[in-house]
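Chain by chain, the residues run as shown.
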Amino acid sequence: MLRIYCTENYEAMSRKAAAVMAAQVIAKPDCVLGLATGSSPVGLYQNLAAGCAAGDLDFSHVTTVNLDEYAGLDGTHDQSYRYFMDHNLFDHINIDKSRTNVPDGKAPDPEAECRRYEALLASVGPADIQLLGMGRNGHIGFNEPADTFTVPTHVVTLTDSTIDANARFFASRDQVPKKALTMGVGAIMRARRVLMVVSGPDKAEAVKAAFAGPVDPHVPASILQLHPDVVLVGDKAALAGLVETGVEVCV
Ligand code: F6R
């Protein structure tokens, strides 16, 4: 089932999506949260940090599993996803960092690291909520458009479109890593609930293709049509194309 919430802007999207995550943490204090990086969830994370500072949210029993990490960057690199998570969320909430998991981008054998991470995902159990953003090319995690869906955690070669989109965070395009480690669609689809946040007109086409087009590995997010519980929270610019198709939208 897909529930769609359309908000006025990024701030309202972030508040609404944070409420979904907060409800999960309150209902099940020892839940497993699947987390994402990128610009889409930053506001959501700020709302969660504010909830924790206000004493409304307790993360001390929460376990987290992140979707992905760049190959070749260690956690002290300011563009690594470990660094992102520490700075945007973990350093601002009362989480036990030993319960926070991000693939190790510096592992000497990335394939072995993918196997280790997949075993870890199995041992902590399915995420109660898996948070996702979506790339302009429809990617989720770093599952890039391809001829088939890849199920386990794996090493990917990033597409030019993804490198272009992420170059804004690096001193130059050349510095964007060319490979990444990412959860496959297996762990994403095993999550009990998927929460996707999308913002801005750049995402409108991908959002429409993912939720109103066929299930197709060339639009990786389209696999979410087969998931039983997806909450899509987007601002009206990102949802414009999908809304035009006449889908039901919650208030
Ligand atoms: C990040 C991730 C990516 C992003 C996507 C959208 O961990 O897995 O799939 O969610 O690239 O990025 P933003 O939010 O920056 O537009």
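Here's a quick rundown of the structure.

So, how was this worked out
- Each chain has its residues counted from 1, running along the sequence as written.
- Given that the model is predicted, a residue must reach a pLDDT of at least 70 before its local features are reported, and side-chain atom pairs must reach 80 or more before they are shown or counted; all residues, however, enter totals for whole chains, interfaces and linings.
- The side-chain quantities take in all heavy atoms of the structure and omit both hydrogens and water.
- Here, strands pair whenever DSSP counts at least two bridges between them.
- Every helix listed is a DSSP run of H or I at least four residues long, and every strand listed is a run of E at least two residues long, numbered separately from the N terminus.
- With axes taken as lines fitted to C-alpha atoms, and helix axes fitted only over the stretch in contact, angles between N-to-C directions fall between 0 and 180 degrees.
- The contact criterion used throughout is that any non-hydrogen atoms of two residues lie within 4.5 Å.
- Aromatic pairing here means that ring centres of Phe, Tyr or Trp (its six-membered ring) are within 6.5 Å. Orientation follows from the plane angle: under 30 degrees is stacked, over 60 is edge-to-face, and everything else is tilted.
- Using a 1.4 Å probe on the protein chains alone, a residue whose accessible area is under 20% of its type maximum counts as buried, one over 50% counts as exposed, and one in between counts as partly exposed.
- What is meant by a nonpolar core is a set of buried Ala, Val, Leu, Ile, Met, Phe, Trp, Tyr and Cys residues, joined one to another through side-chain atoms within 4.5 Å.
- We call a residue near a molecule or strand whenever a single non-hydrogen atom of that residue lies within 4 Å of it.
- For the purposes of these results, a polar contact is taken to be a pair of N or O atoms within 3.5 Å, where, inside protein, one atom must be able to donate a hydrogen and its partner to accept one; residues adjacent in sequence count only when each atom of the pair is a side-chain atom.
- The method behind every accessible area is Shrake-Rupley, applied with a 1.4 Å probe, and residues are considered shielded solely by the protein chains displayed.

1. Comments concerning the sheet that holds strand S4 (residues 68-70)
Here we have 3 strands laid out as an open sheet, ordered S4-S8-S7, and antiparallel in their pairing. On the outer flanks of this sheet lie S4 and strand S7 (154-157), each paired with one strand and no other. Ignoring strand direction, the axes of neighbouring strands in this sheet form an average angle of 25°. Bridge count between S4 and strand S8 (residues 179-182): 3 bridges; the pairing is antiparallel. Within the sheet, the bridge partner assigned to Tyr 70 lies in S8 and is Ala 180. Here helix H4 (residues 110-124) sits on the sheet in contact with S7 and S8, set at roughly 130° to S7.

2. Observations regarding the environment of Gly 184
Relative to the assigned elements, Gly 184 resides in the loop between S8 and helix H6 (185-190). C-alpha separation for the pair Gly 184 and Leu 2, spaced 182 residues apart in sequence, amounts to 21 Å. Sequence-distant contacts of Gly 184, defined by excluding residues within four places in its chain, comprise Asn 143, Thr 150, Val 151, Pro 152, Thr 153 and His 154.

3. Some remarks on the packing of aromatic side chains
In the structure shown here, the tally under the stated rule is 4 aromatic pairs. Centre to centre, the rings of Tyr 70 and Phe 142 are 5.7 Å apart; their planes meet at 40°, and the pair counts as tilted. Here Tyr 70, found in strand S4, pairs with Phe 142, found in the loop between strand S6 (129-132) and S7; they are 72 residues apart in sequence, far enough to count as distant. When sorted by exposure, Tyr 70 lands in the same class as Phe 142, which is buried. Here Tyr 70 and Phe 170 contribute two aromatic rings whose centre-to-centre distance is 5.7 Å and whose plane-to-plane angle is 80°, an arrangement assigned as edge-to-face. Here Tyr 70, found in strand S4, pairs with Phe 170, found in the loop between helix H5 (160-166) and S8; they are 100 residues apart in sequence, far enough to count as distant. Linked through ring pairs, Tyr 70, Tyr 81, Phe 142 and Phe 170 together constitute an aromatic cluster.

4. Describing the nonpolar core
Of all hydrophobic cores here, the largest spans 64 residues; its most connected members are Leu 44, Leu 48, Phe 59, Leu 195, Met 196 and Phe 211. The biggest single contributor to this core is helix H1 (residues 10-27), with 7 residues. Apart from residues lying up to four places away in sequence, Leu 44 is in contact with Ser 14, Ala 17, Ala 18, Met 21, Leu 131, Leu 195 and Val 197. Counting residues in hydrophobic clusters, the runner-up holds 11 residues, among them Val 156, Phe 170, Val 176 and Ala 180.

5. Here we look at the site of the ligand
Taken together, 14 residues lie around the ligand, and Ser 40, Asp 68, His 139, Gly 141 and Lys 203 are the ones closest in. Between Thr 37 and the ligand, the recorded distance is 2.9 Å, taken from a side-chain N or O atom to an oxygen atom. A distance of 2.5 Å separates an oxygen atom of the ligand from a polar atom in the side chain of Ser 40. For the ligand, whose free accessible area comes to 410 Å², the fraction covered by protein is 92%.

6. Some details on the pairing of S8
Examined bridge by bridge, S7 and S8 share 4 bridges and lie antiparallel to one another. The residue bridging Val 155 from the neighbouring strand is Leu 181, located in S8.

7. So, the sheet that holds strand S2 (residues 32-35)
Taken together, 7 strands build an open sheet; the order of strands is S1-S10-S9-S6-S2-S3-S5 and the sheet is parallel. Single-partner strands in this sheet number two, and they are strand S1 (2-7) and strand S5 (100-101). One ladder, built from 2 bridges, connects strand S3 (residues 63-66) with S5; its direction is parallel. Note that in S5 the partner of Val 65 across the bridge is Asn 101. Against the sheet, helix H8 (residues 236-244) contacts S1, strand S9 (193-198) and strand S10 (230-235), and its axis sits at roughly 120° relative to S10.

By themselves, these figures tell us nothing about what the structure is for.
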